[in-house]
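Structural overview
So the chains spell out like this:
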Protein chains: 2
Amino acid sequence: MTKVKIYVTLRESVLDPQGSAVKGSLGKIGYNEVEDVRIGKYLEVTIGETDRDIDTIVKEMCEKLLTNTVIEDYRFEVEEAN
Amino acid sequence: MTKVKIYVTLRESVLDPQGSAVKGSLGKIGYNEVEDVRIGKYLEVTIGETDRDIDTIVKEMCEKLLTNTVIEDYRFEVEEAN
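Thresholds applied
- Residues numbered from 1 in each chain as written.
- Chains lettered and ligands numbered in written order.
- Predicted model: local features only at pLDDT ≥ 70, side-chain atom pairs only at ≥ 80, totals over all residues.
- Heavy atoms only, no water.
- Helix = DSSP H or I, 4+ residues; strand = E, 2+ residues; numbered from the N terminus.
- Rg over C-alpha atoms; globule rule 2.2 N^0.38 Å.
- Buried < 20%, exposed > 50% of the residue type's maximum accessible area, 1.4 Å probe, protein only.
- Lys, Arg positive; Asp, Glu negative; His and termini not counted.
- Charge placed at Lys NZ, Arg CZ, Asp CG, Glu CD.
- Expected span 1.5 Å × (residues − 1).
- Arc of directions from axis to C-beta.
- Contact = heavy atoms within 4.5 Å.
- Least-squares fit on C-alpha atoms with pLDDT ≥ 70 in both.
- Phe/Tyr/Trp six-rings, centres within 6.5 Å; stacked < 30°, edge-to-face > 60°.
- Lys NZ or Arg CZ within 6 Å of the ring centre and 35° of its normal.
- Buried area = accessible area lost by both parts, 1.4 Å probe.
- Salt bridge = Lys/Arg side-chain N within 4 Å of Asp/Glu carboxyl O.
- Polar contact = N/O pair within 3.5 Å; in protein donor to acceptor, adjacent residues only side chain to side chain.
- Nonpolar A, V, L, I, M, F, W, Y, C, P; charged D, E, K, R; others polar.
- Pairing = 2+ DSSP bridges.

**Here we look at the overall build of chain A**
Across its full length, chain A carries two helices and three strands. Along chain A, helices (α) and strands (β) appear in the sequence β-α-β-α-β when read from the amino end. Its C-alpha atoms give chain A a radius of gyration of 16 Å, more than 25% over the compact-globule value 12 Å for 82 residues. When each of the 82 residues of chain A is scored for burial, the buried share is 40%. Treating the 11 positive side-chain charges of chain A as one cloud and the 17 negative ones as another, the clouds have centres 5 Å apart.

This is how it looks when you write it as structure tokens:
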């Protein structure tokens with residue numbers, strides 16, 4: 001069994017209205033030192049026994065389904081568990 | 001300037017319908033080895049000059065606004081930038 005942690009972030013050049021809204025709210029409750037907030041996704045995927053290469057299938061899953069590569073970047077960490 | 005990475009996950013005991021849907025979709029496109037998917041949030045917060053302790057204010061921001069501690073857990077990493 002393998003646990004994979006996937007981090008999906010908006011590309012630098014893409015506006016993040018959700019992040020801006022959160023930044024605004026933080027400012028309103030007194031956290032004016034906050035300069036920027038960017039919001040992404042964090043996925044934990046558990047993969048069972050497989051003959052395929054973990055890195056390859058995670059990359060495929062990200063490109064095909066989990067992320068929108070036009071506006072998002074991703075990176076992942078593979079952790080062996082059992 | 002300090003960059004903080006915050007990971008928000010659903011508590012173990014809380015059902016994750018979005019994760020289940022993604023697991024189902026991955027199964028349909030041929031990734032049957034995927035046993036579980038849990039989806040959380042990933043936030044990058046940039047904090048400017050402040051007299052306050054970074055760990056303390058990040059914790060406060062998480063508890064007050066960024067997470068719902070009834071159903072979510074969070075952890076964060078503080079990264080000094082320049």
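Now that the structure has been shown, we can carry on.
**Focus on helix α1 (residues 17-28) of chain B**
Because an α-helix completes one turn every 3.6 residues, residues spaced three or four positions apart along the sequence face the same direction. In this model, α1 of chain B (12 residues) spans 17 Å end to end at C-alpha, consistent with the 16 Å of a helix rising 1.5 Å per residue. All of the buried residues along α1 of chain B are G19, V22 and L26 of chain B. Down the axis of α1 of chain B, the sector holding all buried residues measures 60°, keeping them to one side. Projecting away from the buried face of α1 of chain B at angles above 90 degrees are the exposed residues P17 and K28 of chain B. Residues of α1 of chain B that are buried sit in contact with α2 (54-66) of chain A together with β2 (34-47) of chain B.

**Section: the relation of the copies chain A and chain B**
When chain A is brought onto chain B, the operation consists of a screw motion whose angular component is 180° and whose axial shift is 0.0 Å, with 0.0 Å RMSD remaining. Taken together, the rotation and translation describe the operation of a two-fold axis. No C-alpha of chain A lies nearer the rotation axis than that of K41 of chain A, which sits 2.3 Å from it. A symmetric contact is evident, with 100% of the interface residues of chain A recurring at the interface of chain B.

**Concerning the packing of aromatic side chains**
Per the counting criterion, the structure on display carries five aromatic pairs over all chains. Ring pairs connect the aromatic residues Y7 and Y42 of chain A together with Y7 and Y42 of chain B, which therefore count as one cluster. The positively charged end of R75 of chain A is found above the aromatic ring belonging to Y7 of chain A, 4.3 Å away from the centroid.

**Digging into the interface of chain A and chain B**
Facing 37 residues of chain A, the contacting portion of chain B comprises 37 residues. For the pairing of chain A and chain B, the buried interface totals around 3,100 Å² over both sides, and the portion due to carbon and sulfur atoms is 60%. Between the two partners, chain A and chain B, sit two salt bridges. Summed over the shared surface of chain A and chain B, the number is 22 residue pairs in polar contact (both at pLDDT 80 or more). Of all the secondary structure elements, the ones that give two or more residues to the side of chain A that touches chain B are β1 (2-10), α1 (17-28), β2 (34-47) and α2 of chain A. Of the residues belonging to the side of chain A that touches chain B, the class tally is 18 nonpolar, seven polar and 12 charged. In this sheet, β2 of chain B lies alongside β2 of chain A in antiparallel orientation, the contact comprising 13 bridges. In the strand pairing of β2 of chain B, E44 of chain A is matched with R38 of chain B.

**Overview of the pattern of salt bridges**
All names here are of chain A. In total, this model carries six salt bridges over all chains according to the counting rule given. Between K5 and E79 there is a salt bridge, with its nearest N and O atoms 3.2 Å apart. You can see K5 sitting in strand β1 and its partner E79 sitting in strand β3 (residues 72-80), a full 74 residues away along the chain.

**Observations concerning the pairing of β1 of chain A**
All names here are of chain A. Counting buried residues in β1 gives seven out of nine residues, a clear majority hidden from the surface. Here β1 runs beside β2; their pairing, made up of seven bridges, is antiparallel. Across the sheet, residue V4 finds its bridge partner in β2, namely V45. Pairing geometry for β1 and β3, over nine bridges, is antiparallel. The partner of V8 across the bridge, within β3, is Y74.

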